[in-house]
Amino acid sequence: MTYHRKSYAVWEITLKCNLACSHCGSRAGHERAKELSPEEALDLVKQMAEVGIKEVTLIGGEAFLRPDWLEIAKAINEAGMLCGMTTGGYGISLETAQKMKEAGIRTVSVSIDGLEATHDRLRGKKGSWKYAFKTMSHLREVGISFGCNTQINRLSAPEFPCIYECIRDAGAHAWQVQLTVPMGNAADNADILLQPHELLDIYPMLARVARRAYQEGVQLQAGNNIGYYGPYERLLRGRGKEDEFSFWQGCGAGLSTLGIEADGAIKGCPSLPTTAYTGGNIREHTLHDIIKGAEELRFNLGAGTPEGTKHLWGFCKTCEYAELCRGGCSWTAHVFFNKRGNNPYCHHRALVHAKQGMRERVVPKVKAQGLPFDNGEFELIVEPTDTLLPANDRLHFTANSIQWSEGWQQEPEFYYSFVR
Amino acid sequence: LPSQDVEKIPLLPRSAWNSQLGYLKVLLKAKQVLDKS
């Protein structure tokens, strides 16, 4: 039977990390000043079960660098919640994988952000790609179900079809993909971010790869900033089933999702900026009270009333999907413009502009401060498509940048007809 | 409801929509626009 996620917490149990990713939103590396004690962590597990959380994913930093991480996993399992983990995979030995299995970790997602050179460059550690695949082999050996997750940006996008072949061959059963957005370290490396008009070349590629992944038993899962309402929406959002109602239905922060930072800060979604979206700290309030009362976790309530769309501005305010979409992923919109409600990463929007002979670009305007989960601010430029692009924009992505290996040249004709 | 039952009702997941009817109307409208695009 297919498992459908109902209420879900992503818990950063430490900010300590053994990689140094240039796109890391939390700027992970050193642990936070006051991370939760083992006793506080176990109490939080109990509170999560009480408020209705059914699934918890442990993340970092690198989750396994927290000494009591397996005790936390075991407690989550014993409280009746499904325990998963997302990891950079740099250092999970066969012995550790066996301990994870014994602690009740049911699913693991390993981050793969390119082919070897690109992955190692983005993740700041030579050898991290090789070890990530070694980790997958260890997980497979002990019988833990695993998948991968990939950031799509100007460095990884050209390699996307080849990345798929690597993770498929490694035995991944699922693949979550997401566009890199300007938070944390990524805000300082804006040249690697896709421009909104480049989505016109990203989505046909994504659809072609997704189609094959579904055929070959790898469940490609569209992250929350993949979309919206373009020609491949149902394929990507429906995970290959293309059900007639498989399309984006608004941000789920604080509705079905919780984000927890290692020092006890509670947000409606793990990706949201700390300053603007922290509803309270578990050291000062119960989880029940934060969820019930904090405005920062209630901003998605009120859909279907004027309250539900009053935050929209720019293109999103006038869009025909506005009432349901409500500006797409709140995190993505906020980190571009320092407020949510106008989302430049939208396929439908890029298509509308292209039809009018226009395109959108984003240009850094205000730098990020240098804190975990922070953001700067970008200026949005709308210009005719024949305007010359800035000469210093060397990483410009086009369909011609994509590396289709030999395996893709031999694919059946129907793949092409689908994405045409 | 008796107060102890109120405490047992899980807080999550919760709906963004105040009205199921309102949600379905907006959902259908979006579906129709997407079908035509």
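All figures in this text were calculated on a predicted structure; none of them were measured in a lab.

Engineer: I keep staring at the overall build of chain A and nothing clicks. Help me out?
Structural biologist: Helix and strand counts for chain A stand at 17 helices and twelve strands. Structurally, chain A occupies a C-alpha span of about 60 × 50 × 40 Å along its principal axes. Counting all 420 residues of chain A, 59% fall into the buried class. Across chain A, the fraction of contacts at a sequence separation of at least 24, relative to all contacts at a separation of at least 6, is 71%. Surface summary for chain A: the accessible area is close to 17,200 Å², and the carbon and sulfur share equals 50%. Once the 46 positive and 49 negative side-chain charges of chain A are each reduced to a mean point, those two points are 1 Å apart.

Engineer: Which parts of the structure should I look at to understand the interface of chain A and chain B?
Structural biologist: Often the size quoted for an interface is simply the accessible area lost on bringing the parts together. Contact with chain A, which involves 32 residues of that partner, is made by 21 residues of chain B. Buried surface at the junction of chain A and chain B, both sides included, amounts to about 2,400 Å², of which 64% is carbon and sulfur. Inspection of the region where chain A meets chain B yields two salt bridges. With a closest N to O distance of 2.8 Å, Asp35(B) and Arg234(A) form a salt bridge. At the boundary of chain A and chain B, one finds twelve residue pairs in polar contact (both at pLDDT 80 or more). If you list the elements that add at least two residues to the side of chain A that touches chain B, you get helix H10 (287-293) and helix H13 (322-325) of chain A. Element by element, the count of residues in the side of chain A that touches chain B is highest for H10(A), at three residues. For the side of chain A that touches chain B, the class distribution of residues is 13 nonpolar, eleven polar and eight charged.

Definitions and cut-offs
- Residues numbered from 1 in each chain as written.
- Chains lettered and ligands numbered in written order.
- Predicted model: local features only at pLDDT ≥ 70, side-chain atom pairs only at ≥ 80, totals over all residues.
- Heavy atoms only, no water.
- Helix = DSSP H or I, 4+ residues; strand = E, 2+ residues; numbered from the N terminus.
- Buried < 20%, exposed > 50% of the residue type's maximum accessible area, 1.4 Å probe, protein only.
- Contact = heavy atoms within 4.5 Å.
- Areas by Shrake-Rupley, 256 points an atom, 1.4 Å probe, with all protein chains shown as cover.
- Lys, Arg positive; Asp, Glu negative; His and termini not counted.
- Charge placed at Lys NZ, Arg CZ, Asp CG, Glu CD.
- Buried area = accessible area lost by both parts, 1.4 Å probe.
- Salt bridge = Lys/Arg side-chain N within 4 Å of Asp/Glu carboxyl O.
- Polar contact = N/O pair within 3.5 Å; in protein donor to acceptor, adjacent residues only side chain to side chain.
- Nonpolar A, V, L, I, M, F, W, Y, C, P; charged D, E, K, R; others polar.

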